Amino acid sequence: MANWTPNRDPELAKMGKSLDGFGDIIYGAVLPTAIVIQLSHASILSLATATALLLAGAIRLSYFANFGRSSDGHFLGVPLSYDVPLMALLFLLEPFIGAALFEWLVNVCFLLLAAAHVASIRVPSPSPAMYAAISIFVVVSSATLASRSL
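Residues numbered from 1 in each chain as written. Predicted model: local features only at pLDDT ≥ 70, side-chain atom pairs only at ≥ 80, totals over all residues. Heavy atoms only, no water.

> Could you give me a rundown of the overall build of the protein chain, with the residues and numbers involved?
Counting its secondary structure elements, the protein chain contains 5 helices and 2 strands. Walking the protein chain from its N terminus toward its C terminus, one meets helices and strands in the order α-α-β-α-α-β-α. Dimensions of the protein chain along its principal axes, counting C-alpha atoms only, are 55 × 30 × 25 Å. By residue count, 25% of the 150 residues in the protein chain fall in the buried class. Across the protein chain, every contact between residues at least 6 apart in sequence was considered, and the portion connecting residues at least 24 apart equals 76%. About 9,500 Å² of surface is accessible on the protein chain, with carbon and sulfur atoms providing 72% of the total. (Helix = DSSP H or I, 4+ residues; strand = E, 2+ residues; numbered from the N terminus. Buried < 20%, exposed > 50% of the residue type's maximum accessible area, 1.4 Å probe, protein only. Contact = heavy atoms within 4.5 Å. Areas by Shrake-Rupley, 256 points an atom, 1.4 Å probe, with all protein chains shown as cover.)

Quick look at the structure:
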């Protein structure tokens, strides 16, 4: 959206780019890390998962800040924006999985995702249809998870 602002000062564009990366690391790595540690009661596995996720997130965002998307619109490595939807999906599945298995599954999934953040995987940019599907998933999963707490 900021790119479409008329007469935008180039210095403000640099600041916005930095803030965008900062927001991404908080949303895509720090928040899931805190949830994984809390969920697993600060186990050794959760601390290893958290370390891997934070390091991979920092490396992924550093790479993207310097190189961006490829000329054909693909990302190299899985973007950090996949972390929170994965966490929501796992919490939606929690009632069907035992507590011990759930903690283990969350840690394994996020260790694999940390590896995917820095892997040479080409991920296409989301299309408008994908954004619509993501929005529907967010509304439905949020409503489902909120209804469980009532």
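> Outline the packing of aromatic side chains, supporting the account with residue identities and numerical values.
Under the defined criterion, the tally for this structure stands at 1 aromatic pair. With centroids separated by 5.3 Å and ring planes inclined at 65 degrees, the aromatic side chains of Phe 91 and Phe 102 adopt a geometry described as edge-to-face. In this pair, Phe 91 sits in helix α3 (residues 83–93) while Phe 102 sits in helix α4 (residues 99–118), placing the two residues 11 residues apart along the sequence. Taking the relative accessible area as the measure of exposure, Phe 91 reaches 22% and is therefore partly exposed. (Phe/Tyr/Trp six-rings, centres within 6.5 Å; stacked < 30°, edge-to-face > 60°.)

> Which residues make up unusual backbone geometry, and what values do they have?
Of note, His 41 is a non-glycine position whose phi angle comes to about 55 degrees, a positive value. Of the residues examined, His 41 reaches a relative accessible area of 63% and is grouped as exposed. Residue Ala 42 is not a glycine yet carries a positive backbone phi of 55 degrees. With respect to the element layout, Ala 42 can be found in the loop between α1 (10–39) and α2 (44–67).

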